[in-house]
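Read off the chains here:
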Amino acid sequence: MVMMNKQLNMPQIQRIVMEFEKQSEMMDMKEEMMGDAIDDVMEGDADEEETDQIVNQVLDEIGISLSSQMAPAPIGSEGLKDSEKNAADPVDAELQKRLENLRKT
């Protein structure tokens with residue numbers, strides 16, 4: 001036992017333990033700050049939902065319904081008439097001709 005006590009450097013062990021405690025406290029503070037920051041960011045989602053709700057309420061009050069007054073948007077060139085397709089862009093017309101020639105061969 002006496003031999004073991006001679007081998008241990010108590011001041012060094014005490015410094016190591018004190019440094020460990022210091023680092024542990026710093027880690028706890030950083031963890032708390034990160035948790036607070038994440039909580040603050042997540043609260044923003046509720047604000048966005050509240051904003052959407054207020055906008056919808058105002059639109060309802062003035063009699064506007066976004067879904068009922070908007071016509072569906074055409075997808076690609078399907079919504080264009082033939083004359084509009086040809087006049088839309090000369091580059092597109094050229095590409096269309098090349099595509100048709102490739103399909104023929």
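Since we're looking at a predicted model, the values are computed, not measured.

Quick notes on the rules
Going along each chain's sequence as written, the residues are numbered from 1 onward. Under the rules for a predicted model, residues below a pLDDT of 70 receive no local features and side-chain atom pairs below 80 are neither given nor counted, while totals for whole chains, interfaces and linings still include all residues. Side-chain calculation: all heavy atoms of the structure are included, whereas hydrogens and water are not. Counting from the N terminus, the helices are the DSSP runs of H or I reaching at least four residues and the strands are the DSSP runs of E reaching at least two. Classification of residues uses two cut-offs on accessible area relative to the type maximum, computed with a 1.4 Å probe and protein chains only: under 20% is buried, over 50% is exposed, and between them is partly exposed. Only the protein chains shown count as cover for residues, with accessible areas throughout obtained via the Shrake-Rupley method and a probe of 1.4 Å. Patch membership requires more than 30% relative accessible area and the absence of a salt bridge. Residues of like charge join within 9 Å; the nonpolar side chains Val, Leu, Ile, Met, Phe, Trp and Tyr join within 5 Å. Should a side-chain nitrogen of Lys or Arg be within 4 Å of a carboxyl oxygen of Asp or Glu, the pair is scored as a salt bridge. Known as pLDDT, the predictor's confidence for each residue is given on a scale from 0 to 100. The convention is simple: Lys and Arg are positive, Asp and Glu are negative, and His and the chain ends are not counted. By convention, the charge on Lys lies at NZ, on Arg at CZ, on Asp at CG and on Glu at CD.

Attention shifts here to the overall build of the protein. Assigned secondary structure in the protein consists of 5 helices and 0 strands. Listed by position from the N terminus, the elements making up the protein come as α-α-α-α-α. Counting only residues that meet the buried cut, the protein has 1% of its 105 residues in that class. In the form shown here, the protein has an accessible surface area of approximately 10,200 Å², with 58% of it arising from carbon and sulfur atoms.

Here the focus is a nonpolar patch on the surface. On the surface, Met-4, Leu-8, Met-10, Ile-13 and Val-17 cluster together into a nonpolar patch covering about 430 Å² of accessible area. No other element matches helix α2 (residues 10-61), which puts 3 residues into the nonpolar patch. By the secondary structure assignment, Ile-13 is in helix α2.

Chain-level statistics for the protein give a pLDDT mean of 80 and a share of 73% at 70 or above. Between the elements of the protein, mean pLDDT differs from a low of 55, seen in helix α4 (residues 82-88), to a high of 88, seen in α2.

With that settled, the discussion passes to a negative patch on the surface. Among the surface-exposed residues, Glu-21, Glu-25, Asp-28, Glu-31, Glu-32, Asp-36, Asp-39, Asp-40, Glu-43, Asp-47 and Glu-50 lie close enough to one another that they form a single negatively charged patch. Mapped onto the fold, Glu-32 is located in helix α2.

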